[in-house]
Each structure stands twice: as structure tokens, then as C-alpha cells.
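# Fold and contact review
The primary structure of each chain is shown beneath.
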Amino acid sequence: MSLMNRIMGHVYMFVESCAMAIENIMQNRLRSFLTVLGIMIGVTAVIALITTISAVSSSISSSFTSMGAGTMTLTTTGNDLKDGLDEEDMKRIIDIDHIRGLSPSVSLSCTVARENVSETSISVQGTNDTYFEVHEDLVKSGRKLNRIDTENMSRVCLINGDIVESFFYGVSPIGKTIYLNRIQFTIVGIYESDTSIASLLSGSPKILIPYTTALKMNSASLVTNATIYLDSASASKEVQPKLEELLDEIFSYEDETYKITTMESIEETMKTMMSMMSALLGGIASIALVVGGIGIMNMMLTSVTERTVEIGLKKAIGAEPGQIQMQFLIESFLLSMIGGLAGVVLGLILSAIMCHLMGTDFVISYGAIALGVGFSAAVGIIFGWSPARKASRLSPIDALRRM
Amino acid sequence: MQNGKDAASSLKDCFFKMTDIVKKYLLGEEYVTILKGISLEIEEGEFLSVLGPSGSGKSTLMNIIGCLDLPTSGEYILKGNVVLDLDEKELSHIRSKEIGFIFQNSQLLQRMDAMKNVELPLIYAGVRPSERHTRAEEMLCKVGLEDRMHHMPNQLSGGQQQRVAIARALVTRPSLLLADEPTGALDQTTGHQIMDLFHALNQEGHTIIMITHDVNIAKNARRVVNIIDGVMTEAEGEVTFA
Ligand SMILES: Nc1ncnc2c1ncn2[C@@H]1O[C@H](COP(=O)(O)OP(=O)(O)OP(=O)(O)O)[C@@H](O)[C@H]1O
Ligand SMILES: [Mg+2]
């Protein structure tokens, strides 16, 4: 026989084996269905978990890019001589190429009082005019903080909706006075709390005051926290080394005097956490796949025993052991794939529903589909192997004697 | 030591030769010898019948002849192949190419129609589908089942089922047709029809070994050997054939 004929012979054999396998699966519809159920549930769980998690994480990263890209946060611990940045240092930072501006952030926790109402532990933040320039839509009514406020250490503040509600119910607060740690401030504006993840991470303040004023209230003179604004999201790689160089100089080249966090690095961490989570949950779900595989193995073993005579007869009329093995392997592979594909469809439907409920965009994860399909193929072959091998090794005479 | 070249050429020419075939089975702790040194030589085109009482070892011998089982000791050459030297895969090739089996109770696959049953050996031999169909059809016509091709086995009579089994055995054009009690389950008339078919096939040149415990059936063959308690003897006198 020529090589071509031999190859075609295998092809015909393969096609025929598939047909026989399908016929056998259809012959025992209920049993096949119950067997397939295990794999289906496993794949459904894997797909639903992974797709949902990746949808959530992609929606998180898109909110990062929309709100946090192009900013860096700087935290300084400084050295013995100097624990933060002074005016001069901040000017030098702003002079670095691609840095658009800098806003210090000086956090305070204040007791806020007006007339006979008072509340403790209100988060107050000292900032500057740059902050308002960057967040253009921040102020709802009244005015922004300006350079004069910071230069003069003015006792002016902007308050958010929470404070308006607690202290100025039914009254216009602008122009009114309020006491922060017993110091009198004039309210110049109302702002809307920034809901970006970046500011949620740092805890969003309820009252904004000039940072110079805040420093004085803290009995400090140096800024230890600041947000740096870049002129483009992609500039951070270029800016970071220059910034580090400058900060090294400011803090006399001592180790660990400051920390720069880019939004990209936070996003990176979030992504790692998400993928670890999906790996963990996916791993748990894949236990269901193993259980499904055992179900398939069980069914195949039963099937081999039931079809002993058939196998013996086929061997007697010339079937090679390998051909018998292939036929059973195809059968378990198909069973598993049927379960796997049904699981993929169900899993996608389920994750679409979950994404809808959580309000995130549903994104089909092709990786998860490939994983589900690949997993079920592997399960079919791995768990079908030993029954198929058992079938191929049946002795034809023993089989035929049972007739 | 024999001359190597001579041995090789005589091996190649050899159609069927069994020498001192012994088959033992382990029963409990003891070996029982079922075939006690059987020697048999067959020419191409012969029609041989193996006659013996129940339990004499006929089916055991047929399984060895059909390469389904290997003897405990002895030598067996079939179409130039030293059967005892072959591995599982090679044995299955011999079964596929050289041997056509007809079992005692026809042994069709119940879930396939007559046509598919006949096609089955060709599937394992890797024959192209279109050729498979024509050859199976041809064989079913030959055994007189042209109008029963797509009947399921349970829709066929015992004799018809046996014809399907014969068609299946012949479809690979084997060198050797092996039949174990081919008429065992059939009435006399149907048995005769099957025997007529065997005669016709033998006339066409098919080599046939038929196993039976029925002297009248055995007489159909040109040559009869007796097997009693695992020992083979050539039947006395030539049996006349029709
Ligand atoms: N696997 C086995 N293990 C042990 N003994 C066996 C085995 N196979 C066959 N035998 C024994 O070998 C003997 C011959 O069996 P065999 O099937 O060859 O008889 P037979 O001549 O075909 O009989 P029948 O005409 O009834 O079919 C029987 O006594 C049987 O018990
Ligand atoms: Mg027998």
C-alpha cells in the first residue's frame, strides 16, 4: 500500500470512528446527558468566574485610565534634616519637563463647628489652585481656591455636600463662617467630591483649605504628600527618572526618603490581584471539571464492559488495538466536548447576567473560552484514556466466548 | 542447521502449515492440555472440514488458525507468516487481510444494518467509502440478500443472518475462510443452502476450513479430519463431494 493510501485509510477510519462514537452517544441519550452534566457545570463555573472577573477588572482599569492617568503621587519621609518639600523644592519639581503642575495635599482631621452644631474627625485637606485647575468641574458654586489664598494663608474653605447637609440645611453656606479646630474660616465655595478611584484610595476629604493654612494648623512647614500632574499619560516613564534625580538631590541622596506612585503602578497591582483571584477561583471551579472527568471515565468503563462482545468481534474481523482505542477515545473526547461547549455557552450567558447585575460592561473573554474548551478536551482524553486502553487490550476470544 | 536461503523460500511458498500445536489452559492450579500436538497442512483452494465431538477442542483450534489465540507451543505458518513471531498489531493485520470468520451464531452487530455489518471489516482495513459500499453490495448479492441490504439483524431470519456473516467474512477477499459450525443453528434446508454457497465459493477458489460435529455436514468438504480429545486424525477414505 502506498503512503497516500495508508494516510487516507486512517482518515476513513477516523471519520467512521467519529460516526460510531456519535451513534453510541445517541444510543444512550440519558446516560450520556447525565455524564456530560459534570463537565458542563465545571466549564460553566470556570467561564462565568473568569469572564466576570475579567469584565470587572477591565472596567476598573478603564476608570483608572480615564481618571488617574497622567498623575503621580509623591510621599516623602525625608531625612533627619528635612522631612518634606518646601516652596523652592516644589517649584523645581514643576520645572521638570512634562510636569504640568503639582498640588500638595496636607491632611487634617478636624472638629468642625457652627453655631450649636459640631462634628469631630472630619477629614480636611489642604491643597492649592492647581488642584482646581486640573479638576475643572469640581466647584459647584462659589469660587475656587486661588494663588492669593495659599500665599496669604487665608482662612477660607470649600465644603462638600455632606457638610452642607449637616451644617447648612436650607441655608446658603457661601460667605458664612465655620470653625475648624476652633479657627474661624469663611466658606467661599461648594464642591462635588471627586469620585475617581485615585481620590477614593486616599479617602476623599469633606473640606478643602489652602495647604499653607493646613500646614500651619498642623504646626508643620513642609509638604510630605503631593500629586504631580503630567501633560500626557505617557510621560510618566520619562518624568520619573528626572523626578527621582531631583528628589535624591533634595534629600541628600539618602535611601528611602520618598516614594513615587504612578497610576500605572497601582493599576498594575490591581490587575495582578484580579488575575490571582481569577486563577484561584478558576482553580476551585476546575475541581468540578475533574469530578466531571471521573463521571466520563465511569461511563466509558461501563460502556467497555457492556460492549465486550462487540469489541471482540471487531478485533476478530481485523480491527487493530489502536483502532479500538481510538474509537473509545473519540467517544470520551466527544462527550467531554459536548459538555464543554454547552458549559461555554451557559457560562457566557451567566456572566453576561452577572455583569449586567453589577453594572459593568460584559466583555467576552476568548481566553476563558479557549480555557474551557481546552480543559474539556484534555479531560475527555485523560479520563478516556484508560477505558479506551482497556477496550483495546480485551482479548477477542474471551470476548467472543461470552456470546 | 538448514540452508538459510532454502528455508526462507520454502517459508514464502508455504500457504498453511501447523506443526505440533499444543494448547494448554491453566485451570485452577493445574494445566489442562486441550490440543495435544496437532499437525496440519493445507493447500490453497482446499475445502477442509474438522469433525469432532463437543469439547474436543475444535473451537480452540479454530481460534488458533484464525490468529485470535496463540498456541502454547508448536509452529504455525500462514501465507508465509510465522504466526507465533507476530505482535498484536501484526496479528490484527493477518486477521484483516488473510482470514474471514464465520462464527457459530452468526455474530452480527445488532445496531448496524446488514450492509454496515458487511462493510465493517473494510472500515478497519482502511478502504475508501465508495469502494466499501460497492464491495459490500456485491457480497450481499452473492449470498442472495440483494433485497435485504438495509435490514437490521433482528429483522433477518437465522439463515439470512448467517449469509450476512458469510458476506462479511468474504468481503476482504481473504485467503482463508474459517467457519465454526456455520449451520449449527439452522434447519436442514437452510443448512443445505449454506453448504451450496460454500461449494460455490470453493469452486471459485476460496480455501475453506469448516468446523462441525455433524458427519453429514462434514461430508460436504473434499477432505475431512477428525479431532477427538485434542488429537487430530485424517478421516479414513476420501469423502466424495457433490
Ligand atoms: N479459556 C479456557 N480456559 C480453560 N479451559 C478452556 C478454555 N477454553 C476452552 N477450554 C476447554 O477446552 C475444551 C475444548 O473447548 P472447545 O471450545 O475448543 O470445544 P469444541 O470442540 O469447540 O466444543 P463444541 O463443539 O461444544 O463447541 C473444553 O473442555 C473447554 O472447557
Ligand atoms: Mg466450539
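Residues numbered from 1 in each chain as written. Chains lettered and ligands numbered in written order. Predicted model: local features only at pLDDT ≥ 70, side-chain atom pairs only at ≥ 80, totals over all residues. Heavy atoms only, no water.

## Details of the interface of chain A and chain B
For clarity, the cut-off: In this description, contact between two residues means that some pair of their heavy atoms is separated by no more than 4.5 Å. Note on definitions: buried area is the accessible-area loss of two parts on being combined, 1.4 Å probe, summed for both. Whenever Lys or Arg places a side-chain nitrogen within 4 Å of a carboxyl oxygen from Asp or Glu, that contact is recorded as a salt bridge. Numbering goes from the N terminus for both helices and strands, where a helix is a DSSP run of H or I of at least four residues and a strand is a run of E of at least two. We call Asp, Glu, Lys and Arg charged. Ala, Val, Leu, Ile, Met, Phe, Trp, Tyr, Cys and Pro are nonpolar, and the rest, Gly among them, are polar.
Contacts between the two partners involve 28 residues from chain A and, on the opposite side, 28 residues from chain B. When chain A packs against chain B, close to 2,600 Å² is buried across both sides, 60% of that on carbon and sulfur atoms. Linking chain A with chain B are 3 salt bridges, by the criterion used here. Here A:Glu16 makes a salt bridge to B:Lys116, at a shortest N to O gap of 2.4 Å. Only helix 1 (3–27), helix 11 (308–316), helix 12 (321–358) and helix 14 (396–401) of chain A provide two or more residues apiece to the side of chain A that touches chain B. The element best represented in the side of chain A that touches chain B is helix 1 of chain A, accounting for 8 residues. Its residues assigned to classes, the side of chain A that touches chain B shows 14 nonpolar, 6 polar and 8 charged.

## Considering a negative patch on the surface
Residue and element names in this part refer to chain A. Definition in use: For patch detection, residues must exceed 30% relative accessible area and be free of salt bridges, and they are connected within 9 Å for like charges or within 5 Å for nonpolar side chains (Val, Leu, Ile, Met, Phe, Trp, Tyr). Each accessible area is a Shrake-Rupley result for a 1.4 Å probe, and residues are judged covered by the shown protein chains and nothing else. In this tally Asp and Glu are treated as negative and Lys and Arg as positive; neither His nor the chain ends contributes. The atoms used to mark charge sites are NZ of Lys, CZ of Arg, CG of Asp and CD of Glu. Classification of residues uses two cut-offs on accessible area relative to the type maximum, computed with a 1.4 Å probe and protein chains only: under 20% is buried, over 50% is exposed, and between them is partly exposed.
A cluster of acidic side chains, namely Asp80, Glu254, Asp255 and Glu256, defines a negative patch on the protein surface. Mapped onto the fold, aspartate 255 is located in the loop between helix 9 (236–250) and strand 11 (258–262). Assessed through its relative accessible area of 72%, aspartate 255 is described here as exposed.

## A closer look at the packing of helix 1 of chain A against helix 12 of chain A
All names here are of chain A. The condition that has to hold: Fitting a line to C-alpha atoms yields each axis, with helices limited to the stretch in contact; the angle taken between N-to-C directions then spans 0 to 180 degrees. Roughly parallel here means an angle under 35 degrees, roughly antiparallel means over 145, roughly perpendicular means 65 to 115, and every remaining angle is called oblique. By the definition used in this description, the sense in which the near helix is turned from the far one sets the handedness, with an anticlockwise turn below a right angle giving left-handed and a clockwise turn giving right-handed.
Running from N to C, helix 1 and helix 12 point in directions that differ by 55°, and their axes come no closer than 9 Å. When the axis of helix 1 is compared with that of helix 12, the two are oblique. Along this stretch, helix 1 crosses helix 12, giving a crossing that reads as right-handed. Residues Met13, Phe14, Ser17, Cys18, Met20, Ala21, Ile22, Asn24 and Ile25 of helix 1 form the contact with helix 12, whose own contacting residues are Gln323, Gln327, Ile330, Glu331, Leu334 and Leu335.

## Concerning empty space enclosed by the protein
The following threshold applies: Cavities and pockets were defined on a 1 Å grid built over protein atoms only: a cavity is a set of grid points that admits a 1.4 Å probe from which the probe cannot escape, a pocket is an open set flanked by protein on both sides within 12 Å along at least five of seven lines, and lining residues are those with an atom within 4 Å of any such point. Grid points are joined across faces, edges and corners, and a volume is the space filled by probe spheres set on the points.
Under the definition given, this model contains 2 cavities of 30 Å³ or more. In this model, the largest cavity occupies a volume close to 70 Å³. Lining the largest cavity are A:Ala316, A:Ile317, B:Arg95, B:Ser96, B:Ile99, B:Gly100, B:Phe101, B:Pro121, B:Arg168, B:Ala169 and B:Thr172. For the lining of the largest cavity, the secondary-structure elements that each account for two or more residues are helix 3 (88–98), strand 6 (99–102) and helix 6 (158–170) of chain B. The greatest single-element share of the lining of the largest cavity, amounting to 3 residues, is contributed by strand 6 of chain B. Class assignment for the residues of the lining of the largest cavity results in 6 nonpolar, 3 polar and 2 charged.

## Notes on the site of ligand 1
Formally: Near residues are defined by distance, with any heavy atom within 4 Å of the molecule or strand qualifying the residue. We define a polar contact as two N or O atoms separated by no more than 3.5 Å, with the added condition that, inside protein, one atom must be a possible hydrogen donor and the other a possible acceptor, whereas residues neighbouring each other in sequence contribute only through side-chain atom pairs.
Taken together, 13 residues are adjacent to ligand 1, and B:Ser54, B:Gly55, B:Lys58, B:Ser59 and B:Thr60 come closest. More than one chain reaches ligand 1: the nearby residues come from chains A and B. In this structure, B:Gly55 approaches ligand 1 through a main-chain N or O atom, which is 2.8 Å from an oxygen atom. B:Ser59 places a polar side-chain atom, nitrogen or oxygen, 2.7 Å from an oxygen atom of ligand 1. When the free accessible area of ligand 1 is taken as 630 Å², the share hidden by the protein chains comes to 69%. Broken down by secondary-structure element, the contributors of at least two residues to the shell around ligand 1 are strand 1 (16–27) and helix 2 (58–65) of chain B. The leading source of residues in the shell around ligand 1 is helix 2 of chain B, at 3 residues.

## Here we look at the environment of B:Thr207
Residues and elements named next belong to chain B. Among the secondary structure elements, threonine 207 is positioned in strand 8 (residues 207–212). Look at threonine 207 and you get buried, because its relative accessible area is 1%. Residues threonine 207 and leucine 176 lie 31 residues apart in sequence; the distance between their C-alpha atoms is 5.1 Å. Beyond its immediate stretch of four places on either side in the chain, threonine 207 contacts Phe15, Ile42, Glu43, Glu44, Gly45, Glu46, Ser175, Leu176 and Leu177. There is a polar contact of 2.8 Å between the side chain of threonine 207 and the backbone nitrogen of glycine 45.

## Side note on the pairing of strand 6 (residues 156–160) of chain A
All names here are of chain A. Going by this rule: Following DSSP output, two strands are said to pair if at least two bridges run between them.
Burial analysis of strand 6 places 5 of its 5 residues in the buried class, the great majority of the element. Going residue by residue along strand 6, you find Val156, Leu158 and Asn160 tucked away on one face and Cys157 and Ile159 tucked away on the opposite face as well. Sheet topology note: the strand 6/strand 8 (residues 183–191) ladder contains 5 bridges and is parallel. Bridging across to strand 8, leucine 158 finds its partner in glycine 189. Bridge count between strand 6 and strand 9 (residues 207–210): 2 bridges; the pairing is antiparallel. Across the sheet, leucine 158 pairs through a bridge with leucine 208, a residue of strand 9.

## Brief notes about the domain arrangement of chain A
Convention followed: As annotated, the domain borders come from an automatic or database domain assignment.
When the domains of chain A are assigned, the result is domain 1 (16–64 + 270–400) and domain 2 (68–268). In this structure, domain 1 of chain A and domain 2 of chain A have C-alpha centres spaced 56 Å apart.

## Concerning the sheet that holds strand 9 (residues 223–228) of chain B
Residue and element names in this part refer to chain B. Read across the sheet, 6 strands follow the order 6-7-8-3-9-10 without closing on themselves; strand pairing throughout is mixed. Each end of this open sheet is capped by a strand with a single partner; those strands are strand 6 and strand 10 (231–234). Strand-to-strand twist in this sheet, taken as the mean axis angle between neighbours without regard to direction, amounts to 20°. Together, strand 6 and strand 7 (176–180) form the strand contacts of helix 3, whose direction differs from that of strand 6 by roughly 80°.

## A short note on the pairing of strand 7 of chain B
Residue and element names in this part refer to chain B. With 5 of its 5 residues buried, strand 7 lies for the most part within the structure. Inspection of the sheet shows strand 6 paired to strand 7 by 4 bridges, in the parallel sense. Considered in strand 7, the bridge of phenylalanine 101 is made with leucine 178. Sheet analysis places strand 7 next to strand 8, joined by 5 bridges and oriented parallel.

## What to know about the pattern of salt bridges
Evaluated as defined, the whole model comprises 23 salt bridges over all chains. We note a salt bridge from A:Glu310 to A:Lys314, for which the minimum N-O separation is 2.9 Å. Pair noted here: A:Glu310 and A:Lys314 are both in helix 11, with a separation of 4 residues, about one helical turn. Of the two residues, A:Glu310 and A:Lys314, both sit in the buried class. Linking B:Arg135 and B:Glu131 is a salt bridge whose minimum nitrogen-to-oxygen distance equals 3.1 Å. Remark: B:Glu131 and B:Arg135 occur in helix 5 (residues 129–142); sequence separation between them is 4 residues, near one turn of the helix. On the basis of relative accessibility, which here comes to 11%, the residue B:Arg135 falls in the buried class. A cluster of three or more residues bridged by salt bridges with shared partners is formed by A:Arg307, A:Glu310, A:Lys314, A:Glu331 and B:Arg111.

## With respect to the nonpolar core
This is how it is decided: To define a nonpolar core, start from buried Ala, Val, Leu, Ile, Met, Phe, Trp, Tyr and Cys residues and group those joined through side-chain atoms within 4.5 Å.
Among the nonpolar cores identified, the biggest contains 70 residues, and B:Phe16, B:Met18, B:Leu61, B:Ile65, B:Tyr76, B:Leu78 and B:Ile209 are the most heavily contacted of them. In contact with B:Leu78, not counting residues within four places along its chain, are B:Phe15, B:Phe16, B:Ile65, B:Cys67, B:Val83, B:Ile94, B:Glu98, B:Ile99 and B:Leu176. Judged by nonpolar contacts, the second largest core, of 43 residues, contains A:Val112, A:Leu215, A:Val223 and A:Ala226.

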